[in-house]
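# Fold and contact review
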Amino acid sequence: MAGVTLREIVKEYGDVVAVDHVSLEVQDGEFVALVGPSGCGKTTTLNLVAGLLELTDGDILIGDKLINDLDPKDRDLAMVFQNYALYPNKKVYDNLAFPLKMRGTPKGEIAARVRKTAEILSIEHLLDRKPKQLSGGQQQRVALGRALVRNPKAFLMDEPLSNLDAKLRVQMRAELKRFHQEIGATVLYVTHDQMEAVTMADKMAVMSGGVLQQYGPPDEVYRHPVNVFVAGFVGSPSMNLLRAAVTAADGQGALRGTEGWLHPLSPANARRAAASSGDVMVGIRHNQVHLSREERPGWVETRVYTVEPTGDLTYVHLRLGGQLLVASADAEWRAAPDDRVWVEFDQGSLHLFDAQTELALPLADAVASGATVGSARAMATAG
Amino acid sequence: MALSRARVLPVAPPRARRPRPGLFASIVRHWADYLYVAPALLVMVLVIGYPVVYTVYLSFFETPPRSGDWVWTGVGNYTETLGSARFWDTTRNTFYWTVGSTALAFVIGFGAALVVQRQFVGRGIVRAILLIPYVISHVAAAYVWRWFLHSDYGLVSGTLLDWGVIERPLVLFDSIRWVMPTVILVNVWKEFPFVMIMLLAGLQTVPDQLMRAAKVDGAGAWNRFWHVTVPHLKGVILITTLLLFVVNLNSFTLVYLMTGGGPAGASQLWITEIYNIAFRSLRYGEASAYSVVLFLIMLSMGYFYVKALTGGGKSQRRPA
Ligand SMILES: Nc1ncnc2c1ncn2[C@@H]1O[C@H](COP(=O)(O)OP(=O)(O)OP(=O)(O)O)[C@@H](O)[C@H]1O
Ligand SMILES: [Mg+2]
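Residues numbered from 1 in each chain as written. Chains lettered and ligands numbered in written order. Predicted model: local features only at pLDDT ≥ 70, side-chain atom pairs only at ≥ 80, totals over all residues. Heavy atoms only, no water.

The condition is simple: UniProt positions are given in the numbering used here, feature names are shortened, and annotations may be inferred rather than shown by experiment.
Where an unreviewed UniProt entry is consulted, chain B appears under the name Maltose/maltodextrin ABC transporter, permease protein MalF, with the organism given as uncultured Thermomicrobiales bacterium. According to the UniProt record, the Subcellular location (unreviewed entry) comment for chain B reads "Cell membrane". Per UniProt, chain B carries the Sequence similarities (unreviewed entry) text "Belongs to the binding-protein-dependent transport system permease family."

In structure tokens, the structure reads:
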């Protein structure tokens, strides 16, 4: 195993910049999840690392070795493709054996490793079938197996669990995590599913429009998004983002929403807001919105839009002017549409972003503890 | 009509237990389908069925050129044909020609397809040039090559003589030893573009993703070709070679115009021979018998041809 380093890598397709100066360091044995909306350049990044696409600019290192011009077969990486790419004419056994065969592994060892991998993935009974005779989920496991059967420098996985049913996905997630821990594998893992990123990854890289937005441990990305995009993308349901102007009310800093609502700011938050260009985006997660059935001073009046009981807790969608706001309440909380409800944003968990640059306005103590991470480049290009 | 009929049929019992429906019942149920193909079927019967029957009938008669009489000889024409050394020589020539042409055209065509599939400057022009032999008529090709390779006034022979590469004229079409390789080469020249187009079309459908997977799995160029490209092209390869095989088995124009089957029958093929018997010697009965024999041979090969084509499809659709 070895680490993988991307230095300012760029990939252009004609006018389209699919990957734009991405720098990323995956330490040896680290599990890094690459997340981002569809078309943001995740697959392209993976293909660049694998050597299947030619870099427009930048460097890729495996361990300490520069591999920009190395042939894919000599990079010693294993890859799981988004659409499986199984050899249709070969049986499952031969699909799994192929990468070993190509590297001249002795027959006996091939057999042993194929059996062991098949066991891990519960596909022993499928070894004699052709890919066409498998379900999508089974094919995906074979594709995964073809990577796991080897002992490469690093694993590249492109949404390897996307086609499994919910139960199998949770199970495979656990298997993958265990596999990663047992052999200390270096993994670069693309996923749409934030749960996968949060549960498995040591670090999470958020991409958008070919640009790396933020790179850090999942909980840190969740708690301290560096810009509006990351704030809105990470977490489910997504963070509430409201546009507001910074004003003062009752001798205290406050936010005035475009719809006219007024919400006071704590002194610390007021100082942050003061650093903005005047307009801010307020970010607040559903579980940091306090609800009240009675009017309270300083609270904002809203109307109930819908109530979604989920069993563990209840999501309450509220109308605030023309915008919708999601809050969560305990499992028994109920209300009828158009009921009046007053809300307060938890001052300690309020995210403030400059409306113009869309960058986070730093929290004084957070900056001191160095919690807000993200490459300078990501911050500079995010706006 | 057919649809409404299908709808009133009772629900079928579980598949495994149901006996196969009788042939007659099946025909009755699909009567409308037969109606649709009836016009085509009728034309086929007229232009194929009638001549076949007529030829088989004629093959039992002797038809002396000078009189209009037909004389019944029973299987005389057959015993004479199959018993002659000439028939077996021609058969050997025909298989030499067919196997040789098909194999060579396939190898060269495949190679050409692989080359022109790559990206390079002028690829379009190269592709177009390589297609020329295919679009030239057989007649033109035959005359051009005859002129090229003629031993006395041929371009090749003359040039080589002038340059002093050879001392005596290059005898190809007039040499019993060299005539077959020569006509086969011309035929390959004519046919390889067909293989090239067919395989080029196939090559363009090789999934990119599969090639990438093979690269990551450590497969070099040869292994990628062998483990990804060839399996993917299997169907196209099968169809192309079989089509070529059948076409070559029935060749006439090229050989007839270049050598007329000579010298001394050294390049005689089945069809050129039948042509000579029928329209030169005017022995229609014997030519008919000859044709019937070929018909039977080709029919049995056609059986394997169809089986290979449909069998390939069946194995892919086999359920888990
Ligand atoms: N061969 C190509 N030619 C031109 N543009 C391309 C090509 N391949 C990808 N792109 C573009 O590059 C961008 C990134 O594509 P990529 O496949 O990396 O997205 P992705 O993040 O993997 O998306 P998804 O989550 O849907 O798989 C997209 O805008 C896509 O349209
Ligand atoms: Mg992708």
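Alright, that's what it looks like, and here's the rest.
## What to know about the overall build of chain B
The line we're drawing: In this text, helices come from DSSP runs of H or I with a minimum length of four residues, and strands from runs of E with a minimum of two, each type numbered from the N-terminal end. All radius of gyration figures rest on C-alpha atoms, and the globule criterion is 2.2 Å times the number of residues raised to 0.38. Residue contacts are counted whenever heavy atoms from the two residues lie within 4.5 Å of one another. Here, Shrake-Rupley sampling with a 1.4 Å probe gives the accessible areas, and only protein chains in the shown set may cover a residue.
Summing up its helical and strand segments, chain B has 14 helices and two strands in all. Relative to a compact globule of 320 residues, whose C-alpha radius of gyration would be 20 Å, chain B shows 26 Å and is clearly more extended. The principal-axis extent of the C-alpha atoms belonging to chain B is close to 85 × 75 × 30 Å. Restricting the contact set of chain B to residue pairs at least 6 apart, pairs at least 24 apart contribute 65%. Total accessible area on chain B is roughly 19,600 Å²; 69% of this is exposed by carbon and sulfur atoms.

## Some remarks on a nonpolar patch on the surface
All names here are of chain B. Condition: Residues enter patches when they are more than 30% accessible in relative terms and free of salt bridges; like-charged ones are connected within 9 Å and nonpolar ones (Val, Leu, Ile, Met, Phe, Trp, Tyr) within 5 Å. The salt bridge criterion pairs a side-chain nitrogen of Lys or Arg with a carboxyl oxygen of Asp or Glu, the two atoms within 4 Å.
Taken together, Val43, Met44, Leu46, Val47, Ile48, Val52, Val56, Phe295, Leu296 and Leu299 make up a surface patch of nonpolar side chains, about 900 Å² in accessible area. Listing elements by their share of the nonpolar patch, those giving two or more residues are helix H3 (31–58) and helix H14 (284–317). Per-element accounting of the nonpolar patch gives the leading share, seven residues, to H3. Considering the arrangement of structural elements, one finds Leu296 in helix H14.

## What about the sheet that holds strand S12 (residues 252–257) of chain A?
Sheet strands pair by backbone hydrogen bonding; their relative direction is either parallel or antiparallel. Residue and element names in this part refer to chain A. Quick reminder of the rule: Here, a strand pair is defined by DSSP locating no fewer than two bridges between the strands. Angles shown run from 0 to 180 degrees and are taken between the N-to-C directions of axes, each axis being a line fitted to C-alpha atoms and, for helices, limited to the stretch in contact.
Spatially, five strands are ordered S13-S12-S11-S14-S20 in an open sheet, and the strand pairing comes out antiparallel. Each edge of the sheet is formed by a strand with only one pairing partner; in this case those strands are strand S13 (262–264) and strand S20 (351–354). In this sheet, neighbouring strand axes are inclined to one another by 40° on average, regardless of whether the strands run parallel or antiparallel. Relative to strand S14 (residues 279–284), strand S11 (residues 240–249) is paired through six bridges, and the arrangement is antiparallel. By the bridge assignment for S14, Leu242 is matched with Val282.

## Digging into the site of ligand 1
Residues and elements named next belong to chain A. What counts, and what does not: When at least one non-hydrogen atom of a residue lies within 4 Å of a molecule or strand, that residue is treated as near it. Distance and chemistry together define a polar contact, namely a pair of N or O atoms within 3.5 Å, with one atom able to donate a hydrogen and the other to accept it when in protein, and with adjacent residues in sequence counting only for side-chain atoms on both sides.
Every residue near ligand 1 is listed here: Tyr13, Ala18, Ser38, Gly39, Cys40, Gly41, Lys42, Thr43, Thr44, Gln82, Glu159 and His192. Contact distances for ligand 1 include 2.8 Å between an oxygen atom and a backbone N or O atom of Gly39. Measuring from an oxygen atom of ligand 1, one finds a side-chain N or O atom of Lys42 at 2.7 Å. Within the complex, 61% of the 640 Å² of free accessible area of ligand 1 lies under protein.

## Some details on the packing of aromatic side chains
Formally: For Phe, Tyr and Trp, where Trp contributes only its six-membered ring, two rings pair if their centres lie within 6.5 Å, and the inter-plane angle classes them as stacked under 30 degrees, edge-to-face over 60, or tilted in between. Under the scheme applied here, a residue whose accessible area is under 20% of the maximum for its type counts as buried, over 50% as exposed, and between as partly exposed, the area being computed with a 1.4 Å probe on protein chains only. Distance and angle both matter: a charge sits over a ring if NZ of Lys or CZ of Arg is within 6 Å of the ring centre and within 35 degrees of the ring normal.
This model, assessed by the stated rule, comprises 29 aromatic pairs over all chains. Seen from their ring centres, Trp261 of chain A and Phe345 of chain A are 6.2 Å apart, and the 85° between their planes marks the pair as edge-to-face. Separated by 84 residues along the polypeptide, Trp261 of chain A in the loop between S12 and S13 and Phe345 of chain A in strand S19 (residues 340–345) bring together distant segments of the chain. Its relative accessible area of 1% is what places Phe345 of chain A among the buried residues. Through a chain of ring-to-ring contacts, the aromatic side chains of Tyr50, Tyr54, Tyr57, Phe60, Phe61, Trp70, Trp72 and Tyr78 of chain B assemble into a single cluster. For the cation-ring pair, Arg146 of chain A lies above Tyr87 of chain A, with the distance from its terminal atom to the ring centre recorded as 4.9 Å. Sitting over the face of the ring of Trp333 of chain A, Arg293 of chain A holds its NZ or CZ atom 4.4 Å from the ring centroid.

## Some details on a negative patch on the surface
As a reminder of what qualifies: Counted as positive: Lys and Arg. Counted as negative: Asp and Glu. His and the chain ends are not counted at all. Here the site of a charge means atom NZ of a Lys, CZ of an Arg, CG of an Asp or CD of a Glu.
Together, Glu8, Glu12, Asp15 and Asp57 of chain A give the surface a local cluster of negative charge. Tracing the sequence through the fold places Asp57 of chain A in strand S4 (residues 57–62).

## Description of the side chain of Thr105 of chain A
Residue and element names in this part refer to chain A. Following the sequence through the fold, Thr105 ends up in the loop between helix H2 (92–102) and helix H3 (107–120). Take Thr105: its relative accessible area is 16%, and that puts it in the buried class. In terms of polar contacts, Thr105 uses its side chain to reach the backbone carbonyl oxygen of Leu100, at 2.8 Å.

## Quick look at the interface of chain A and chain B
Our working definition: Buried area is calculated as the accessible area (1.4 Å probe) missing from two parts once they are joined, with the contributions of both summed.
The partner chain B presents 19 residues to the 27 residues of chain A that form the contact. Taking both partners together, chain A and chain B bury about 1,900 Å²; carbon and sulfur atoms supply 60% of that area. One can count one salt bridge joining chain A with chain B. When the shortest N-O distance is used, the salt bridge between Arg146 of chain A and Asp217 of chain B registers 3.6 Å. Connecting chain A to chain B are five residue pairs in polar contact (both at pLDDT 80 or more). Looking at the side of chain A that touches chain B, the elements with two or more residues in it are helix H1 (42–50), strand S6 (77–80) and H2 of chain A. With four residues, H2 of chain A is the single largest residue contributor to the side of chain A that touches chain B.

## So, the UniProt feature "domain: ABC transmembrane type-1" (unreviewed entry) in chain B
In this numbering, the UniProt entry assigns the feature "domain: ABC transmembrane type-1" (unreviewed entry) to residues 91–305 of chain B. Counting secondary structure, residues 91–305 of chain B comes out at 76% helix and 0% strand; the distance between its end C-alpha atoms is 20 Å.

## Looking at the domain arrangement of chain A
Under the convention used in this document: For each domain, the first and last residues come from an automatic or database assignment.
Each assigned domain of chain A is listed with its residue range as follows: domain 1 (4–228) and domain 2 (237–381). Between the C-alpha centres of domain 1 of chain A and domain 2 of chain A there is a distance of 37 Å.

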